[in-house]
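# Coordinate analysis (summary)
The lines below spell out each chain.
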Amino acid sequence: MAKKVSAILIGAGQRGAQVYGEYALSHPKDIAFIAVAEPDDARRAEFCLQHGILTQNAEHDWHALLERPKFADCVFVCTQDNQHILPAIAALEKGYHVVLEKPVSRDSEELKRLLETARRTKRLVTVCHVLRYTPFFSKIREILDSGVIGSVQSIQQIENVAYWHQAHSYVRGNWRRADESSPMILAKCCHDMDILLWMTDSHCTKVSSFGSLGHFRVESAPEGAPEFCLDGCPHAESCPYDAERIYLRDKGVHVPVIRKVVSLENTDDSVREALRSGPYGRCVYHCDNDVVDHQVVNLEFENGVTASFTMCAFTWEGSRTVKIMGALGQITGDVEENEIQVVSFATGNKTVYRLNTDAAGHSGGDAGFMRDVVRQMQTDGAYAGRTNIAQSTESHLIALAAEESRVTGKTIWMTRQ
Ligand SMILES: NC(=O)c1ccc[n+]([C@@H]2O[C@H](COP(=O)([O-])OP(=O)(O)OC[C@H]3O[C@@H](n4cnc5c(N)ncnc54)[C@H](O)[C@@H]3O)[C@@H](O)[C@H]2O)c1
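Residues numbered from 1 in each chain as written. Predicted model: local features only at pLDDT ≥ 70, side-chain atom pairs only at ≥ 80, totals over all residues.

### Digging into the overall build of the chain
Rules: Runs of H or I in DSSP of at least four residues are treated as helices and runs of E of at least two as strands, each being numbered from the N terminus. As defined in this context, the radius of gyration uses C-alpha atoms, and a globule is described by 2.2 Å times the residue total to the power 0.38. Think of it this way: build a C-beta for each residue from its backbone, and any pair within 7 Å is a contact.
Counting its regular elements, the chain contains 15 helices and 15 strands. The C-alpha radius of gyration computed for the chain amounts to 22 Å, which stays within 12% of the reference 22 Å derived for 417 residues, consistent with globular compactness. Sequence separation of at least 24 residues holds for 73% of the intrachain contacts in the chain that already meet a minimum separation of 6.

### Regarding the domain arrangement of the chain
Rules: Domain limits in this description derive from either an automatic procedure or a database domain assignment. Amino acids outside the nonpolar list (Ala, Val, Leu, Ile, Met, Phe, Trp, Tyr, Cys, Pro) and the charged list (Asp, Glu, Lys, Arg) are all regarded as polar, and Gly is one of them.
The domain boundaries assigned to the chain delineate domain 1 (5-127), domain 2 (132-216 + 289-357 + 388-413) and domain 3 (226-281). For domain 2 and domain 3, the distance between their C-alpha centroids amounts to 30 Å. The partner domain 3 presents 7 residues to the 6 residues of domain 2 that form the contact. Classifying every residue of the side of domain 2 that touches domain 3 gives 3 nonpolar, 2 polar and 1 charged.

### Considering the nonpolar core
As a rule of thumb, nonpolar side chains are buried together in soluble globular proteins. To keep things clear, this is the line we draw: A set of buried Ala, Val, Leu, Ile, Met, Phe, Trp, Tyr and Cys residues, joined through C-beta atoms within 7 Å, is what we mean by a nonpolar core. Burial is judged by counting the other C-beta atoms within 10 Å of a residue's own C-beta: 20 or more makes it buried, 12 or fewer makes it exposed, and any count in between marks it as partly exposed, with every C-beta position built from the backbone.
Ranked by size, the top nonpolar core spans 123 residues in total, and within it Cys74, Phe76, Ala88 and Val98 carry the most contacts. Leaving out residues up to four positions away in the same chain, Val98 has contacts with Cys74, Val75, Val77, Ala88, Ala91, Leu92, Arg123 and Val125.

### Description of the site of the ligand
Convention followed: Placing a C-beta atom from the backbone of each residue, we mark the residue near a molecule or strand if the atom is within 6 Å of it.
Residues in close proximity to the ligand total 26 residues, the closest being Gly11, Gly13, Gln14, Arg15 and Glu101. With 3 residues, helix α1 (residues 14-26) is the single largest residue contributor to the shell around the ligand. Here the residues of the shell around the ligand are counted per class, giving 9 nonpolar, 9 polar and 8 charged.

### Some words on the sheet that holds strand β7 (residues 152-160)
So the rule is basically this: One requirement defines pairing of two strands: DSSP has to find at least two bridges between them.
Spatial strand order, β14-β13-β12-β11-β7-β10-β9-β8-β15: 9 strands in an open sheet with mixed pairing. Two strands lie at the open edges of the sheet, namely β14 (350-354) and β15 (412-413), each paired on one side alone. Where strand β9 (residues 294-301) meets strand β10 (residues 306-312), 7 bridges bridge the pair, whose relative direction is antiparallel. By the bridge assignment, His294 is partnered in β10 with Cys312.

### Overview of the packing of α1 against helix α2 (residues 41-51)
Cut-off, in case you're wondering: An axis is simply a line fitted to the C-alpha atoms; with a helix, the fit covers only the stretch in contact. Between two such axes, the angle follows the N-to-C directions and lies from 0 to 180 degrees. Here the angle decides the label: under 35 degrees means roughly parallel, over 145 means roughly antiparallel, 65 to 115 means roughly perpendicular, and every other value means oblique. Crossing handedness follows the turn of the near helix against the far one: under a right angle anticlockwise gives a left-handed crossing, and clockwise gives a right-handed one.
Across the interface, α1 lies against α2 with an axial gap of 11 Å and an inter-helix angle of 15 degrees. Accordingly, the angle class assigned to the pair α1 and α2 is roughly parallel. Between α1 and α2 the crossing geometry is right-handed. On the side of α1, the interface is formed by Ala17, Gly21, Ala24 and Leu25, while α2 contributes Arg43, Phe47, Gln50 and His51. Along the lines of polarity and charge, the residues of the contact of α1 with α2 split into 4 nonpolar, 3 polar and 1 charged.

### Quick word on the packing of helix α9 (residues 190-200) against helix α15 (residues 389-408)
Close contact between α9 and α15 brings their axes to 8 Å; oriented N to C, the two are set at 120 degrees. Taken together, the axes of α9 and α15 lie oblique to each other. Pair α9 / α15 crosses with right-handed handedness. Taking contact as the criterion, the partners of Cys190, Met193, Asp194 and Leu197 in α9 are, on α15, Gln391, Ser392, Glu394, Ser395, His396, Ile398 and Ala399.

### With respect to helix α14 (residues 365-378)
Under the convention used in this document: Residue count minus one, scaled by 1.5 Å, sets the expected span of a helix.
In this model, α14 (14 residues) spans 20 Å end to end at C-alpha, consistent with the 20 Å of a helix rising 1.5 Å per residue. With 10 of 14 residues buried, α14 is to be regarded as a mostly interior element. Among the residues of α14, Gly365, Asp366, Ala367, Gly368, Phe369, Met370, Val373, Val374, Gln376 and Met377 are the ones counted as buried. Asp380 sits one or two residues past α14 and shows a positive phi near 50 degrees.

### A short note on helix α6 (residues 135-146)
Spelled out, the test is: Directions are taken from the helix axis to each C-beta atom, and the arc is the one they span.
Relative to the 16 Å expected for 12 residues at 1.5 Å per residue, α6 spans 16 Å between its end C-alpha atoms, a close match to the ideal helical length. Buried within α6 we find Phe136, Phe137, Ile140 and Leu144. What you see down the axis of α6 is that its buried residues fit within an arc of 90 degrees, all on one side. The exposed residues of α6 that point more than 90 degrees off its buried face are Glu142, Asp145 and Ser146. Check the buried side of α6 and you find it contacts β7, α9, β12 (329-334) and β13 (339-344). Gly147 lies just past α6 and shows a positive phi near 85 degrees.

### Focus: the environment of Gly333
Within the fold, Gly333 resides in strand β12. For Gly333, a count of 24 C-beta atoms within 10 Å puts it in the buried group. Residues in contact with Gly333, not counting those within four places in the same chain, are Phe136, Ile140, Val322, Glu339, Ile340 and Gln341.

In structure tokens, the structure reads:
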């Protein structure tokens, strides 16, 4: 029988507790969290209760757990964007394999330091690039490997963020400011850079990018819009970003995940109370956000493949769409629709794949990722997984190069790590 994996969680927030923690609860034979570090008392207490964690294994801060001799197979680092590198390096130095939330870091020197530490300690760092594990991208990789569209020449990928998701995460929420988290192209789109590396099966040589914060600024505020939506905004009925609309009236559409972020209790009363003066109740035109709401990136790869990537807030659907153009045919698809079409130029035959649409959590990527992590840990890293820290470092460096290009207007040449 395969070994049961023991894990330590650092950061019992939305990802740590509600995605990886939930997976452990529903797969008790495969993995168990035996310790947690979390400064928020309510979150720590809830996680300990759910996972039966002993008091001596529950700490306010990660240092207290990682100072101890190694006592589990791996450490999940699920803190906020700029709190990843230090616990990840400390865990590697203690001999743990690390499962690390993206983005790894917004600092290229830190990225290289982590890569060097992983190579020296011979431990795995598996970055949560969950898209690689979706049935959708797994199928596309399989189609590319079959050779049916010949050699890939060009890729077009669009990240349709969705208007409400931009408002929640990148205008009102945790990822609204580049100095507190990271630039949008890193925070949201390092996944896309990772997928482009995987699809092209190559290394990126050149990057250029354009984009700006076009809409979510004070100049766009309709006349008389108050600081908080619940303060009698005269535009509440017509504004798609009205907080009451998103969190209370439309609750069937976007809950439960984003409502739990507003209020852990997640009742209508507790959400309404949090919206009165909390960050998620702010008018989207009166926030302190600065990350872009639309950006394009052009990339060239060592094997000559070109790619164009668009990230845009202003979409109804929240999905990624992709078109892969090969010498002998093309692939088109939509991740949320879970549908892929392949056309052969020689025959004109069209094959349509409709994948399992039941899968929740990044279109099945979260669960696929956890299955892969369990396998990696059960073999103590002998099975290295579908991705590795060298590839994740490259995808992050591409995103940083795109941001540099957007800001400076220059084309950035990449160097291999
Ligand atoms: N892989 C993906 O697709 C994906 C999707 C969404 C978010 N993320 C990333 O996951 C990370 C976590 O996001 P989230 O939404 O769960 O955030 P969150 O704020 O809900 O959770 C982070 C938790 O870390 C805790 N924390 C802070 N300091 C700590 C310390 N010193 N020791 C231990 N814990 C500490 C916080 O109290 C909080 O509960 C972010 O970097 C985010 O960008 C990844």
